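# Architecture and fold: a report
Listed here are the chains, written in short residue letters.
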Amino acid sequence: MLRIQNLKLQNGSLFIRCDFNVPLDHFGNILDDRRIRESLPTIRYALDHHCKIILASHLGRPRGKPDPSLSLAPVARRLARLLGQPVHFSQDVVGEDTRARRAALKNGEILLLENLRFDPGESANDPEFARRLADLATFYVNDAFGVSHRAHASVEAITRYYDDAHKGAGFLLQKEVEFFHDQLQRPPHPFTLIVGGSKVSTKLEALRHLLPKIDKMLIGGGMAFTFLHAQGYEIGKSIVEADLTDAADEIIAEARARGVKLFLPVDLVIAEAMAQETKSKVVTFQDIEPEYMGLDIGPATVTLFSEAIQKAKAILWNGPMGVFEIEKFSYGSMELAHAVASLHATKIIGGGDTGEMIHKAGVTDKMTFVSTGGGASLALLEGKELPAIAALGGI
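Read on for a plain summary of the structure.

## Some details on the overall build of the protein
In terms of helices and strands, the protein carries 14 helices and 15 strands. Taking 2.2 N^0.38 as the reference for a compact globule, 395 residues should give roughly 21 Å; the C-alpha atoms of the protein span a radius of gyration of 22 Å, in line with that estimate. If one aligns the C-alpha atoms of the protein with their principal axes, the spans along those axes are about 70 × 45 × 35 Å. Burial statistics for the protein: of 395 residues in total, 57% are counted as buried. Contacts in the protein between residues far apart in sequence, at least 24 positions, make up 73% of those at least 6 positions apart. Only carbon and sulfur atoms are counted for the fraction: they give 49% of the accessible area of the protein, which is about 16400 Å².

Pasting the structure below:
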């Protein structure tokens, strides 16, 4: 893979595709700036080389037209505070305002473009839109792992306008590949996989790809109910993908054949509704009543899972153990997060909800690596080639 440290950037102009897709409240305030902070090493490296820096990102899903609620203006303000210097902000993506501000940009200065997805050419991987982006700088760097599984203009088509001496991966993208690909080729053992989240379908291929590499697998979250259902247990109104029960059975059978120890919840927090004010109770996995749904793993499962990971030398975790966004159903995820954080092991956390959950638990700094990309990290775990990484020479 082509890398930023191999580019002769000194006094040049550099286009950096970042991932500033951060959560905002109704007033446009940034709720979690972790993705912005993760981009700083690459940006500071460019500043150290006295570059003219053009930053670009998407935010949300504006569907190809401007949406003031999804403007990157708040990101420009936060980035300026983090860097301790002004960040110029254009009012469009590749229009007149951008061209004027780019022409006025001096070495050591930064220009952030408006939301790339305000232009339909971004998601369409439009070559002409990509060319107009490429015209803004002599060098190109992709540091947006979170969208590298998508063939979008700012990560795939744009690379066609740069030769190998003028494009590469930023430090965050390199780190993501190191932890979600390179280290998993020969992981230290015992290697434990923790999976959760709502659906088996989103992680099925990753499970199949990882089974030959792991020693233990802990399954929680909503996807556990598909496995329990496959074994004939009553799951009430819990989320289930009934059409994947055969696939769940196959995973169980393959795990047994490979000697992989598989752990499912032994107790659960159940309720009649997914709400903070609803009444809840703890039952064994065999006692879920028809009108109830499972919304978190129970205390006995937390103890079981916490003991199961004690001897692990490497842990890969993707997916929370329950509906952690609701306080009363967050106990399982929070407790297991603290148990994982206490271990002396390589601890790799998948992106999206899992990263948010780890952040909420306050143990981000205790993990070896927390990914910024949900779908992209899953694609790597499935053994797939990511279009944006392939465009930089591949892994």
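## Considering the sheet that holds strand β5 (residues 139–142)
Sheet architecture is open: six strands sit in the order β3-β4-β2-β1-β5-β6, paired in parallel fashion. Sheet topology places β3 (88–89) and β6 (167–169) at the edges, where each strand pairs with a single neighbour. As defined by bridge partners, strand β2 (residues 52–56) adjoins strand β4 (residues 110–112) across three bridges and the pair is classed as parallel. Residue pairing for β4: Ile-53 is matched across the bridge by Ile-110. Packing against the sheet, helix α3 (residues 96–104) makes contact with β1 (13–17), β2, β3 and β4, and its axis sits at approximately 175 degrees to β4.

## Regarding helix α11 (residues 331–341)
The element α11 is largely enclosed, with a buried count of eight among its 11 residues. Here the buried face of α11 lies against β7 (191–195), β12 (293–297), α10 (299–308), β13 (314–318), β14 (346–349) and α12 (353–361).

## Quick look at the nonpolar core
Ranked by size, the top nonpolar core spans 110 residues in total, and within it Phe-15, Phe-20, Leu-55, Met-217 and Phe-227 carry the most contacts. Discounting chain neighbours no more than four positions away, the residues touching Phe-15 are Ile-54, Ala-56, Leu-113, Leu-133, Leu-136, Ala-137, Phe-139, Tyr-140, Val-141, Ile-158 and Tyr-162.

## Points about helix α6 (residues 171–185)
Here α6 is 15 residues long and its end C-alpha atoms lie 20 Å apart, about the 21 Å a rise of 1.5 Å per residue gives. Of all the bends in α6, the greatest, near 40 degrees, is centred on Glu-178. Taken as a whole, α6 has its buried residues at Leu-172, Leu-173, Gln-174, Glu-176, Val-177, Phe-179, Phe-180 and Leu-184.

## Here's the deal with the pattern of salt bridges
Pairs can form between side chains of opposite charge whenever their charged atoms are close. By the definition in use, this model includes 15 salt bridges. For Arg-37, the salt bridge is made with Asp-33, and the minimal N-O distance between the two is 3.0 Å. For Arg-37, a relative accessible area of 45% corresponds to the partly exposed category. With a relative accessible area of 11%, Asp-33 lands in the buried category. When salt bridges that share partners are traced, they join Asp-33, Arg-37 and Arg-78 into one network.

## Concerning the pairing of β12
Buried residues dominate β12, accounting for five of its five residues. Of the strand pairs in this sheet, strand β10 (residues 267–271) and β12 are connected by four bridges, and their pairing is antiparallel. Residue Val-269 lies in a different strand from β12, and its bridge partner there is Asp-296.

## Side note on the side chain of Asn-142
Here Asn-142 is to be found in strand β5. For Asn-142, a relative accessible area of 0% gives the class buried. Residues contacting Asn-142, with those up to four places away along its chain left out, are Arg-17, Ser-148, Val-155, Gly-168, Ala-169, Gly-170, Leu-173, Ala-388 and Leu-392.

Thresholds applied
- Residues numbered from 1 in each chain as written.
- Predicted model: local features only at pLDDT ≥ 70, side-chain atom pairs only at ≥ 80, totals over all residues.
- Heavy atoms only, no water.
- Helix = DSSP H or I, 4+ residues; strand = E, 2+ residues; numbered from the N terminus.
- Rg over C-alpha atoms; globule rule 2.2 N^0.38 Å.
- Buried < 20%, exposed > 50% of the residue type's maximum accessible area, 1.4 Å probe, protein only.
- Contact = heavy atoms within 4.5 Å.
- Areas by Shrake-Rupley, 256 points an atom, 1.4 Å probe, with all protein chains shown as cover.
- Pairing = 2+ DSSP bridges.
- Axes fitted to C-alpha atoms, helices over the stretch in contact; angles between N-to-C directions.
- Core = buried A, V, L, I, M, F, W, Y, C linked by side-chain atoms within 4.5 Å.
- Expected span 1.5 Å × (residues − 1).
- Bend = angle between axes of the 7 residues up to and from the residue.
- Salt bridge = Lys/Arg side-chain N within 4 Å of Asp/Glu carboxyl O.

So yeah, pure geometry; function would need other evidence.
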